[in-house]
Every structure is written in C-alpha cells, then in structure tokens.
Amino acid sequence: MVEPTLAQVRALVDELWPEEYAEAWDSVGLTAGDPTARVTSVLLAVDPVDDVIAEAEETGADLLVTHHPLLLRGITSVAADTLKGGQLTRLLRAGIAHIAAHTNADSQLGGVSDALIETLGVPVEGPLVQTAGAPDGVGIGRWGDREPTTVRALAETLAKVLPATVTGVRIAGDPDAEVRRVAVCGGAGDGLFDSVREVGADVYITSDLRHHPATEARDTAHRGAGLPHLIDISHWAAESLWLDRAAELLGEVAAQRGWNLRVRVSTRRTDAWTLRIAQED
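Cut-off values and rules
Residues numbered from 1 in each chain as written. Predicted model: local features only at pLDDT ≥ 70, side-chain atom pairs only at ≥ 80, totals over all residues. Heavy atoms only, no water. Pairing = 2+ DSSP bridges. Helix = DSSP H or I, 4+ residues; strand = E, 2+ residues; numbered from the N terminus. Axes fitted to C-alpha atoms, helices over the stretch in contact; angles between N-to-C directions. Contact = heavy atoms within 4.5 Å. Expected span 1.5 Å × (residues − 1). Buried < 20%, exposed > 50% of the residue type's maximum accessible area, 1.4 Å probe, protein only. Arc of directions from axis to C-beta. UniProt positions renumbered as here; feature names shortened; annotations may be inferred. Lys, Arg positive; Asp, Glu negative; His and termini not counted. Salt bridge = Lys/Arg side-chain N within 4 Å of Asp/Glu carboxyl O. Domains from an automatic or database assignment. Buried area = accessible area lost by both parts, 1.4 Å probe. Polar contact = N/O pair within 3.5 Å; in protein donor to acceptor, adjacent residues only side chain to side chain. Nonpolar A, V, L, I, M, F, W, Y, C, P; charged D, E, K, R; others polar.

Participant: Describe the sheet that holds strand β7 (residues 142-150), listing the residues and the values that go with them.
Facilitator: Strand order across the open sheet formed by five strands is β7-β9-β10-β11-β8, with mixed pairing between neighbours. The open sheet terminates on both sides in strands that have one partner only, identified here as β7 and β8 (170-172). Here the average twist between neighbouring strands, direction ignored, is 25 degrees. Two elements, strand β9 (residues 178-188) and strand β10 (residues 203-207), share four bridges in a ladder whose sense is parallel. Across the sheet, residue Ala 188 finds its bridge partner in β10, namely Ser 207. Lying over the sheet, helix α9 (residues 235-256) contacts β9, β10 and β11 (229-233), oriented at roughly 95 degrees with respect to β9.

Participant: Please provide a residue-by-residue account of helix α8 (residues 211-222), values included.
Facilitator: Taking 1.5 Å of rise per residue, the 12 residues of α8 would be expected to cover 16 Å, and the 16 Å separating its terminal C-alpha atoms lies within 8% of that figure. Within α8, burial applies to Pro 213, Ala 214, Ala 217, Arg 218 and Ala 221. Down the axis of α8, the buried set is contained in an arc of 130 degrees. They therefore lie on one face. Looking at α8, the residues exposed on the side facing more than 90 degrees away from the buried face are His 211, His 212, Glu 216 and His 222.

Participant: Talk me through the environment of Glu 15; I want residue IDs and the actual numbers.
Facilitator: Within the secondary structure layout, Glu 15 lies in helix α1 (residues 6-16). Residues Glu 15 and Pro 127, 112 residues apart in the sequence, show an inter-C-alpha distance of 20 Å.

Participant: Now, about the UniProt feature "binding site: a divalent metal cation" (unreviewed entry) in the protein: what can you tell me, with residues and values included?
Facilitator: Following the UniProt record, the feature "binding site: a divalent metal cation" (unreviewed entry) maps to His 67, His 68, Asp 106, His 235 and Glu 239 here. Annotated residues spanning 173 residues; largest pairwise C-alpha distance 12.9 Å, indicating a single compact cluster. A residue is classified by how much of its surface remains accessible, and Asp 106, at 8% relative accessible area, is buried.

Participant: Let's hear about helix α6 (residues 151-161): which residues, and what values?
Facilitator: Along an α-helix, a turn takes 3.6 residues, which lines up residues three or four apart on a common side. For α6, the complete set of buried residues consists of Val 151, Leu 154, Ala 155 and Leu 158. All buried residues of α6 lie within an arc of 100 degrees about the axis, which places them on one face of the element. Buried residues in α6 make contact with α5 (112-118), β7, β8, β9, β10 and β11.

Participant: Break down the sheet that holds strand β12 (residues 262-265) for me, with residues and values.
Facilitator: A sheet is described by the order of its strands in space; here five strands give the open sequence β1-β4-β3-β2-β12, paired in mixed fashion. The sheet is open, and its two edges are formed by β1 (29-32) and β12, each paired on a single side. Put simply, the sheet's adjacent strands are angled 25 degrees from each other on average, direction ignored. In the sheet, strand β3 (residues 63-66) pairs with strand β4 (residues 97-100) via four bridges, with the strands oriented parallel. The partner of Leu 63 across the bridge, within β4, is Ala 97. Lying over the sheet, α1 contacts β1, β3 and β4, oriented at roughly 15 degrees with respect to β4.

Participant: Tell me about unusual backbone geometry, and name the residues and values.
Facilitator: Residues Leu 227 and Pro 228 are joined by a peptide bond in cis, for which omega reads 0 degrees. Position of Pro 228 relative to the elements: it lies in the loop between α8 and β11. In this model, Asp 208 sits at a positive phi of 60 degrees, which is unusual for a non-glycine residue. In this structure, Asp 208 sits in the loop between β10 and α8. Using a relative accessible area of 39% as the deciding quantity, one classes Asp 208 as partly exposed.

Participant: Give a detailed account of the side chain of Glu 239, specifying residues and quantitative values.
Facilitator: Looking at the element boundaries, Glu 239 is found in helix α9. Nearest to the buried, unbridged Glu 239 among oppositely charged side chains is Arg 142, at 12 Å. With near-sequence residues (within four places) excluded, Glu 239 lies in contact with Val 46, His 67, His 68, Asp 106, Val 112, Gly 186 and Gly 187.

Participant: Lay out the domain arrangement of the protein in plain terms, naming residues and giving numbers.
Facilitator: When cut into domains, the protein gives domain 1 (6-105 + 239-265) and domain 2 (109-233). Each of domain 1 and domain 2 was reduced to a C-alpha centroid, and the two centroids are 28 Å apart. Listed as interface residues are 10 residues of domain 1 and, on the opposing side, 18 residues of domain 2. When the two sides are added together, the surface that domain 1 and domain 2 hide from each other amounts to roughly 1,100 Å², 65% of it contributed by carbon and sulfur. Its largest share of buried area at the contact with domain 2, domain 1 owes to Tyr 21, Leu 241 and Arg 245, together 55% of the area lost on that side. Between the two partners, domain 1 and domain 2, sit one salt bridge. Note that Arg 245 is salt-bridged to Glu 118, the shortest N-O span being 2.6 Å. The tally of links from domain 1 across to domain 2 stands at three residue pairs in polar contact (both at pLDDT 80 or more). When contributions to the side of domain 1 that touches domain 2 are tallied by element, the ones reaching two or more residues are α4 (103-107) and α9. Its residues assigned to classes, the side of domain 1 that touches domain 2 shows four nonpolar, three polar and three charged.

This is the structure we're talking about:
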C-alpha cells in the first residue's frame, strides 16, 4: 500500500466534489498544509471548530476535511491569539492539513441535499438551482415526488433519522396537510423560495429559517394554494447525514488506487445549541 501525498488526496477530493461546482462567494479546497506531505489518516466533519481540531489531533489525523470552510470571510491577521489564526496555528503545529468541501459538496450528485432527501424515500428529479456550466442535475437543493404523506409524517421521519438536537424539528403550515412533492436544501436555504415555488413543491425542508423569510413565505402561500409548507431542521444535523457516504466514497476510491488511507467521521456534536426551556401554551 502507498501513502499518498496531500496533493494526491486533494486531487481526489476535487475529483469527487469538484471545486468548480462551488458558488462564486464560497471558499473551498486546500486551506492549510504542505502538498508534498504524506497523508495516512483523514477525519471528516461538518465544522472546523476547536473541538473538531482537537479530535483530529487525538486521532492522529494528517488531514481534516470539513464541509464548512475555515476561512470563508476575509481576515487581516493569522496571529495565534485570534480565532482563525489560532486554529490555523494549531493545525500547522500538529501537522494537520485542512480542506473544505462546501457548496461543491452541496451541488455534486450524491451530495449533501441528496443524502437528506433520500432519507425520506424521495427519488430526486433535479436541483432547485442548476449550477452554471455543470452537468445536468448538479446544483443547489433537490426536489422530487413520493407517495402522498403528511407534513407531520415527514417531520416525524426527520426527527428519527437526524441526530438529535435541542432545536428539534419545526413546522410552519398545516401539519396534517397531504404532500407529494418535496423540496430540500441541506444547510441554510431561505434564499431559495422562488425556486421552491417554481418546481411546485408542497413542502420545503431546510435549516436556519429566519422569522421574516419564513413569515413572508407563508403569507405568499396563503395567497395561493397554501404551499409550500415548511419544515425547519438543524443545520448541523442536516449536513451531518452526508459525512458517512462521503467517508465511504473517499475510502473506496483510495483503496482502488492502492493507498494506505484511513478515513473516519468525526464523533463531535457541533450543533451550537445546548438547552431549550419549554414554555407552557
């Protein structure tokens, strides 16, 4: 078995989730690391937070691959006493490289939104927004039709298949309404309501639904057929569904190439919320 270089592993990650599929505003690919260094252990996670970096150190990872970028917004310093500078310093001192596969993993076939919609037994018809210049089907969000069910039943299924979080699963609309066409967007998707309505979705499942976009979407629904109903789920939980299939795919291709590469999924819970106080009606 051969120990691949970081450059080789980076090329494989780009082959599986092409950087060219990322949104223009995104920051994906190699953030830190020596392309000539050898890589034998990879840790996959949603977020490049302190606890995940500590796990990478504890497990002896040479490479941390996260869905969310480490450096998405501009910074003016990488000093070790700043948040991002401290995280980069810690990674470099430990000899751990970092790669982000964000909207390129969202857009790619078999990506984040595919993992989410397939847990609901919905065959994918296409993306909500096709990625310009990419093959058909590559894009942000997914939609498809399934046997009739209810909003409540879909929400209950999500509550079972997603990792448990404090915020749980929320519904806006009629829980008992019958639905057939389902649209999803793994991660924050409240900017896609026009596309959701364009495909005629009965229900839209996404994360981080803010007050104004959600209420405006429901008011728009009231003026038409009452659609779409909304299901809001944890951002971290929704995207964590992709990690196992990403690790399996990365490991399989590495093995086919004769690489000695161990791939594991983070066990850290990086959902931000830790407690919810229930209120009486």
